[in-house]
Amino acid sequence: MQGLPPGMTRRRLLAALAGTAAAQYVSAFGLEASPLSYTLKPQQLAKGVWYVAGAQEAISRDNGGAIANTVVLDSKAGAIVVDTGPSLRYGQQLATLARDLTNKDIARVYVTHFHPDHMFGNQAFRPDTLASSTGVIDGIKSMGSAFADAMYYAAGDWMRGTEPVMPGTILGTEPEDFGDRIIRPLHMTGHTAADLALFDEVSGVLIAGDLVFLDRAPTTPHADIARWRNTLAALGGISHGLLIPGHGPAEPGARGIAQTRQWLETIETQIIEAFDKGLDVAETTALALPAWTEKIALARYEYERSVMHLYAKLEASRWPRVDVR
Ligand SMILES: [Zn+2]
């Protein structure tokens with residue numbers, strides 16, 4: 001938030017400026033550019049299964065935050081959408097795409113977790129069609145506003161008009177029957193405190209959300225790595241066909257599960273060993289990563305972010321406070 005007064009976000013600044021002469025100034029300098037448009041290119045993976053691949057990048061004003069995969073499934077009951085993208089505008093384009101691909105209205109929209117690149121398109125869908133777990137909904141309630149500020153700052157005008165919207169349907173553990181698809185919600189944890197994966201019991205498609213990253217380094221700011229490892233083992237035990245990760249290419253098999261597990265083990269081991277050797281945060285951040293990670297997008301970026309919070313957790317757990325008894 002460099003350059004803005006304390007407590008002032010870009011969004012609040014623009015709201016405060018609305019209708020004033022300063023708003024014309026903002027407009028004249030291009031901060032209120034003409035509406036932007038995403039290029040949503042659906043890739044068909046199987047009969048009635050498409051996904052829109054997110055950019056293997058960090059959120060920026062170039063990609064408008066469209067970095068996560070979104071999914072459209074056809075069913076007798078209507079289109080099924082998984083995750084809604086980073087903004088109202090993305091959600092609107094995805095809703096249109098889902099109707100065009102299936103020639104049906106939207107029956108269900110699943111939200112896999114509370115991260116902003118997966119749920120800020122919720123606003124474009126009818127609230128009763130939006131479904132997730134209590135944990136995901138609680139996460140959006142508590143963090144949605146802060147995520148909105150962060151997204152307006154990172155993605156700029158792409159976010160215009162976007163507000164956090166809670167799913168109106170709470171999922172239990174029972175599968176939902178759409179006629180020719182039976183979608184089982186899998187309530188899991190690890191990438192965040194509440195992660196929803198979805199398994200189509202008819203076709204074997206497993207939609208993993210951000211529990212699985214492929215060829216893109218996993219993000220860990222809200223992760224519990226021990227739990228995430230257990231969840232990956234559980235996902236690996238599901239006999240599935242196509243696996244659609246939250247980020248990275250969809251493909252049959254379990255390469256994404258194995259790679260996500262390998263990444264988590266690699267960074268956790270490296271950070272703990274550095275801590276035990278007495279390296280400080282800067283020295284730990286500067287360590288080289290193993291050669292296999294060179295083909296993983298954003299490896300260094302995500303490793304450095306992971307050091308920042310995992311190192312702090314190690315300090316808190318390993319070093320007792322000396323100022324209290
Ligand atoms: Zn995520």
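Look up a bit, the structure's there.
Small disclaimer: the values here were computed from a predicted structure and weren't measured.

## Brief notes about the coordination of the zinc ion
Phase 1 of the analysis: Within the protein, the atoms that donate to the zinc ion are H113 (NE2), H115 (ND1), H191 (NE2) and D210 (OD), at distances of 2.2 Å.
Phase 2 of the analysis: Relative to the metal, the 4 donor atoms surrounding the zinc ion lie at angles of 90 to 167°, and the coordination shape comes out irregular.
Phase 3 of the analysis: Sequence spacing among the residues donating to the zinc ion works out to H-x1-H-x75-H-x18-D. In this pair, H115 is assigned in the loop between β5 (106–110) and α4 (116–119) and H191 in the loop between β9 (182–188) and β10 (195–200), connecting sequence segments 76 residues apart. Accessibility classification places H115 together with H191 in one group, the buried group.

## Considering the nonpolar core
Phase 1 of the analysis: L40, V81, Y90, L94, I106, F120 and F125 are the most contacted members of the largest nonpolar core, which has 32 residues in total.
Phase 2 of the analysis: Elements with a minimum of two residues in this core: β2 (49–52), β4 (79–82), α3 (88–102), β5 and α5 (134–155).
Phase 3 of the analysis: Among the elements that make up this core, the one with the highest residue count is α5 (7 residues).
Phase 4 of the analysis: Discounting residues that sit within four places of it in the chain, Y90 has contacts with Y38, L40, V52, A66, A68, T70, T84 and G85.

## Looking at helix α6 (residues 225–236)
Phase 1 of the analysis: The first and last C-alpha atoms of α6 sit 16 Å apart over 12 residues, in line with the 16 Å expected at 1.5 Å per residue.
Phase 2 of the analysis: Among the residues making up α6, those that are buried are I225, W228, T231, L232 and L235. Projection of α6 onto a plane perpendicular to its axis shows the buried side chains occupying an angular sector of 110°, all on one side.
Phase 3 of the analysis: Buried residues along α6 sit in contact with β9, β10, β11 (206–213), α7 (255–277) and α9 (299–318).
Phase 4 of the analysis: Where α6 starts, the residue carrying a side-chain oxygen 3.3 Å from the main-chain nitrogen of A226 turns out to be D224.

## Some words on the sheet that holds strand β6 (residues 130–132)
For sheets, the rule is that strands pair by backbone hydrogen bonds, running either parallel or antiparallel.
Phase 1 of the analysis: The strand order β1-β2-β3-β4-β5-β6-β7 describes an open sheet built from 7 strands, whose pairing is mixed. Each edge of the open sheet is held by one strand with a lone partner, namely β1 (42–46) and β7 (169–170).
Phase 2 of the analysis: By the bridge criterion, 3 bridges tie strand β3 (residues 70–73) to β4 in an arrangement that is antiparallel. Residue pairing in the sheet places L73 in a bridge with I80 of β4.
Phase 3 of the analysis: On the sheet, α3 packs against β1, β2, β3, β4 and β5 and is oriented at approximately 25° with respect to β3.

## Let's talk about the sheet that holds β9
Phase 1 of the analysis: Strand order across the open sheet formed by 6 strands is β8-β9-β10-β11-β12-β13, with mixed pairing between neighbours. Pairing within the sheet leaves two strands with one partner each, and these edge strands are β8 (176–177) and β13 (251–252).
Phase 2 of the analysis: Contacts from α6 reach β9, β10 and β11, with the element oriented near 150° to β11.

Conventions used here
- Residues numbered from 1 in each chain as written.
- Predicted model: local features only at pLDDT ≥ 70, side-chain atom pairs only at ≥ 80, totals over all residues.
- Heavy atoms only, no water.
- Donors = N, O, S within 2.8 Å, 3.2 Å for Na, K, Ca; no water.
- Tetrahedral: all angles 85-135°; square planar, octahedral: opposite > 155°, others 65-115°.
- Helix = DSSP H or I, 4+ residues; strand = E, 2+ residues; numbered from the N terminus.
- Buried < 20%, exposed > 50% of the residue type's maximum accessible area, 1.4 Å probe, protein only.
- Core = buried A, V, L, I, M, F, W, Y, C linked by side-chain atoms within 4.5 Å.
- Contact = heavy atoms within 4.5 Å.
- Expected span 1.5 Å × (residues − 1).
- Arc of directions from axis to C-beta.
- Polar contact = N/O pair within 3.5 Å; in protein donor to acceptor, adjacent residues only side chain to side chain.
- Pairing = 2+ DSSP bridges.
- Axes fitted to C-alpha atoms, helices over the stretch in contact; angles between N-to-C directions.

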